[in-house]
Amino acid sequence: MTRHFVCQLEEVFDGGGVCALVDGEQVALLRVGEEVFALENRDPFSGANVMSRGLTGDLSGQLVVASPVYKQHFNLRTGRCLEDEAVTLRSWPCGVLDDRVWVESTARRGAAVRGRRRLVVVGNGMAAMRTVEELLALASDALDITVFGAEPRGNYNRILLSPLLAGDTSRGQIMLHDLAWYRERGITLHVGDPVASIDRRQRRVISRAGVIAPYDRLLLATGSDPVRLKVAGHDLPGVFTFRNLDDVDGMLEQAGRALHAVVIGGGLLGLEAASGLARHGLVVTVVHLRERVMDRQLDPEAAELLQRSMQARGIAFRLSAQTQALEGDGHVQRVRLADGSSIDADMVVVAAGITPRTALARDCGLACDRGILVDDTLQTFDPAIYAVGECVQHRGTTYGLVAPLWEQARVCAAHLAERGVARYRGSPPASQLKVSGIEVYSAGDLGRVAGAESLRYADRASGIYKRLWLKDNRLQAAVLFGDTRQAARYAELIETQQDVSAWRETLLLGDHPVSGSAA
Ligand SMILES: Cc1cc2nc3c(=O)[nH]c(=O)nc-3n(C[C@H](O)[C@H](O)[C@H](O)COP(=O)(O)OP(=O)(O)OC[C@H]3O[C@@H](n4cnc5c(N)ncnc54)[C@H](O)[C@@H]3O)c2cc1C
C-alpha cells in the first residue's frame, strides 16, 4: 500500500471538502478542524460525483458529511449512511503530515471493474430515439438500455404525419426504428406500456402493466399533449387531435364517410391538417382565433398570400373566430361560434397548440414550470435524471420543432456517455409549411422585431414575397413565401448573428451559398 500526498491542508476548507484522484478513482477529502477524512466521491442516491461538495459537521455525536443532492448524512469515519443502514460509502485511510494531506492507496482490492450502467428511457418518440442513436454512436457498450413507449409500435417520424394524412406517403415509409432495430442492438423495448411512476429514492420506474425497471440514469422524453378545447361537445365522436398515428388512422377512416370538416387552429399543424383533408375531397373550413393564419410565424402580407393560396384549393377560413361549442347528436355535426353562427362538420380536428407532458416528472417531485426544467447539459434538478424534447423547458423556452431537439439529443447523449463537455444554449425558432405546392418559411422571433429595419421584396404576379428584419446589420428574422431556397442561409445568419453590412444589398435577392464566407 502506498501513501499519496494529494494537497496542502489549507487547500481543504474547514467544514467542506475537495476531490482528488487516487488510483483513478474520485475521492472526496473532507475536513473537520485539523482532521481530514477520505470517502468515495460518488453519492449513491443520485449517482452524481458530488460528495466533496457536501458540508461536514456533527450530527447526534457523529462526524458526518451531508450529500449536497438529497441531503443524506454519511459518517466520516465509516462511510455509513445515517438514514439508510444498507448504504455505505467506501473510505480510505488518510491523514495530515507536515501540513500535507495524504491518502493511502488500497489498489481497490480486486473489484475495480464497474458493471454496465442501466439507462431507462421514458418515451419512444423522436427526441428519445435520437438521443439513443447518438449515445450508441459514442459508447455502444457503456449502457444497458430499456425504453418504454406509450404508443403500441416502434418509433416513427412524427413530422411525416401530415404527408401521411394527405396521402403523399405510407405508414411503412415513416417508420424510423422498427422492433427489430431495438432487438439487434440489445435494447429492451416495452411498447404500449407507459411508465406510470418514478421512484427516485429507489431509482426505478414502474410501468402501467407493473414492469419495474431500475436505473442508474433516467431519460425523460415524454413529448407534448395536444391542447383540448374546454367547450361543450369537445369529446363527441368525430372530434380528433393531430398528434400520433392513431389520430391519423381515425381521421382517414372518418374522412372516407364525411363531407364537411372543420379544423380549429390556423397554425402550421392546422393548415397541414386542412390541406390533407381537402385532398380527400372534403369541404374544409379553418377556424382561427387570431386575425391572420400562422400569426406567430408570418407577417400580415405573407399570411394573406398563404391564405389566398389555400382558398384557391377550396379551403375556407373563419378568422378572429372563437369556438363556443361542438354540437351533434351522438356524433359531431357542427361547430358553433361565439358570434352565434355555425359551420357544418362531420369531423373536427383540433390543432390549437401543445402542452409539454410533465405529469410524471411533477409527480416524483422534479422541478417543472411549463416544462421539465433542465440546465445546459439537459440534466434535471435530480442529477441522475435527464430530459430532452418537447417536454423540457430550457432557459425559459419550450420547443415544438425538431431542429432544437436534435441539438439537445447530441448534448444529452454526450453527458449520458460521460464524454460531456458540450452545452446546449438554445435554438432560434424556424418553421416550414409542408403543403405540397405552397412554399412558406419563417425563422427568428417575429414578436421581437419591433424597431428593426426591414428589407422587403414582393412580386405578386409570380407569387413571391420575402422580408428580412435586421438590427445593427444582423439578421433577426426572415419570412419567405413562394421561394424558400435561401431558408438555410437565413437560419444560419440568425443563429450566428454574423454582421452582413459588407453585402447587405444582395442579402434579399442574391444567391448565397448555405455556408461559408459571404464575400
Ligand atoms: C402532425 C405533425 C407535424 C409536424 N411537423 C413538423 C415539422 O414540419 N417540422 C418540425 O420541426 N416539427 C414538426 N412537428 C413537431 C415534431 O414532430 C415534434 O417536435 C417532435 O416529434 C417532438 O419529439 P419528442 O420526442 O419531444 O415528442 P414525441 O415525438 O411526441 O415523443 C414522445 C413520446 O413519448 C410517449 N410518452 C409520453 N408519456 C409517456 C410515458 N409516461 N411512458 C412512455 N411513453 C410516453 C408518447 O406517447 C410519444 O410517443 C410536427 C408534429 C406533428 C404532430
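Nothing here was measured: the structure is a model prediction, and the numbers come from that model.

Considering the packing of helix H1 (residues 126-139) against helix H9 (residues 402-416)
Reasoning step 1: Contact geometry for H1 and H9: axes closest at 8 Å, N-to-C directions at 40 degrees. When the interaxial angle is binned, H1 and H9 end up oblique. Between H1 and H9 the crossing geometry is right-handed. Where H1 approaches H9, its residues Met 126, Ala 127, Arg 130, Thr 131, Glu 134, Leu 135 and Leu 138 are matched on the opposing element by Val 402, Leu 405, Trp 406, Gln 408, Ala 409, Arg 410, Cys 412, Ala 413, Ala 414 and Leu 416.

Notes on the pairing of strand S17 (residues 204-207)
Reasoning step 1: Two elements, strand S16 (residues 195-199) and S17, share four bridges in a ladder whose sense is antiparallel. Each bridged residue has a counterpart across the sheet, and for Ser 197 the counterpart in S17 is Ile 206.
Reasoning step 2: Hairpin connection of S16 to S17: four residues between the antiparallel strands, including Arg 203 at a positive phi of 50 degrees.
Reasoning step 3: Here three bridges tie S17 to strand S18 (residues 212-214), and the two strands are oriented antiparallel to one another. The residue bridging Arg 204 from the neighbouring strand is Pro 214, located in S18.
Reasoning step 4: Where S17 folds back on S18, the antiparallel hairpin that results is connected by four residues, among which Gly 210 adopts a positive phi of roughly 95 degrees.

Digging into the site of the ligand
Reasoning step 1: Taken together, the neighbourhood of the ligand is formed by 33 residues, with Gly 123, Gly 125, Ala 127, Gly 223 and Gly 389 sitting nearest.
Reasoning step 2: Among the elements of the structure, H1, strand S12 (143-149), helix H2 (161-166) and H9 are those that each provide at least two residues to the shell around the ligand.
Reasoning step 3: Tallied by class, the residues present in the shell around the ligand amount to 18 nonpolar, nine polar and six charged.
Reasoning step 4: When residues of the shell around the ligand are sorted by domain, at least three fall in each of domain 2 (117-225 + 355-416) and domain 3 (239-352).

Examining helix H10 (residues 487-496)
Note that an α-helix has 3.6 residues per turn; residues three or four places apart therefore point the same way.
Reasoning step 1: Buried within H10 we find Tyr 490, Ala 491, Leu 493 and Ile 494. The arc that holds the buried residues of H10, viewed along the axis, is 165 degrees, so those residues lie on one side.
Reasoning step 2: The inward-facing, buried residues of H10 contact strand S33 (430-432), strand S34 (440-444) and strand S37 (474-481).
Reasoning step 3: A positive phi of about 55 degrees marks Gln 497, the residue just after H10.

Some remarks on the sheet that holds S16
Reasoning step 1: Read across the sheet, three strands follow the order S16-S17-S18 without closing on themselves; strand pairing throughout is antiparallel. Where the open sheet ends on each side, the last strands, each with one partner, are S16 and S18. The mean inter-strand angle of the sheet, taken between neighbouring strand axes irrespective of direction, is 20 degrees.

Re the sheet that holds strand S31 (residues 385-387)
Reasoning step 1: Strand order in the open sheet made by the five strands is S15-S12-S11-S19-S31, with parallel pairing throughout. Every interior strand has two partners, whereas the edge strands, strand S15 (188-191) and S31, have only one. Each strand axis lies, on average, 15 degrees off the axis of its neighbour in the sheet, ignoring direction.
Reasoning step 2: As paired strands, strand S11 (residues 117-122) and S12 are joined by six bridges and run parallel to one another. Note that in S12 the partner of Leu 119 across the bridge is Ile 145.

Digging into the nonpolar core
Reasoning step 1: Val 263, Leu 306, Val 348 and Val 349 are the most contacted members of the largest nonpolar core, which totals 64 residues.
Reasoning step 2: If near-sequence neighbours (up to four positions away) are discounted, Leu 306 is found in contact with Val 293, Met 294, Leu 298, Ile 438, Val 440 and Phe 481.
Reasoning step 3: Leu 143, Val 147, Leu 366 and Cys 412 belong to the second-largest nonpolar core, a separate cluster that totals 47 residues.

Quick notes on the domain arrangement of the protein chain
Reasoning step 1: The domains assigned to the protein chain are domain 1 (2-109), domain 2 (117-225 + 355-416), domain 3 (239-352) and domain 4 (439-506).
Reasoning step 2: Look at where the C-alpha atoms of domain 2 and domain 3 centre, and you get two points 31 Å apart.
Reasoning step 3: Facing the eight residues of domain 2 at the interface are ten residues of domain 3.
Reasoning step 4: Sorting elements by how many residues they give to the side of domain 2 that touches domain 3 places H2 first, with five residues.
Reasoning step 5: Residues that form the side of domain 2 that touches domain 3 fall into these classes: five nonpolar, two polar and one charged.

Description of the environment of Phe 481
Reasoning step 1: On the secondary structure map, Phe 481 appears in strand S37.
Reasoning step 2: Not counting chain neighbours up to four residues away, the residues in contact with Phe 481 comprise Ala 302, Leu 305, Leu 306, Glu 439, Val 440, Ile 464 and Tyr 465.

Here we look at the pairing of strand S6 (residues 62-66)
Reasoning step 1: Where strand S5 (residues 55-59) lies against S6, five bridges are found, and the strand directions are antiparallel. Counted as the bridge partner of Gly 57 is Val 64 from S6.
Reasoning step 2: Counted along the chain from S5 to the antiparallel partner S6, the turn is two residues long, and its residue Ser 60 has a positive phi close to 50 degrees.
Reasoning step 3: Of the strand pairs in this sheet, S6 and strand S7 (residues 73-75) are connected by three bridges, and their pairing is antiparallel. What sits directly across from Ala 66, in S7, is His 73.

What counts and how
- Residues numbered from 1 in each chain as written.
- Predicted model: local features only at pLDDT ≥ 70, side-chain atom pairs only at ≥ 80, totals over all residues.
- Axes fitted to C-alpha atoms, helices over the stretch in contact; angles between N-to-C directions.
- Helix = DSSP H or I, 4+ residues; strand = E, 2+ residues; numbered from the N terminus.
- Parallel < 35°, antiparallel > 145°, perpendicular 65-115°, else oblique.
- Left-handed = near helix turned anticlockwise from the far one by under 90°.
- Contact = placed C-beta atoms within 7 Å.
- Pairing = 2+ DSSP bridges.
- Near = placed C-beta within 6 Å.
- Nonpolar A, V, L, I, M, F, W, Y, C, P; charged D, E, K, R; others polar.
- Domains from an automatic or database assignment.
- Buried ≥ 20, exposed ≤ 12 C-beta atoms within 10 Å, placed from the backbone.
- Arc of directions from axis to C-beta.
- Core = buried A, V, L, I, M, F, W, Y, C linked by C-beta atoms within 7 Å.

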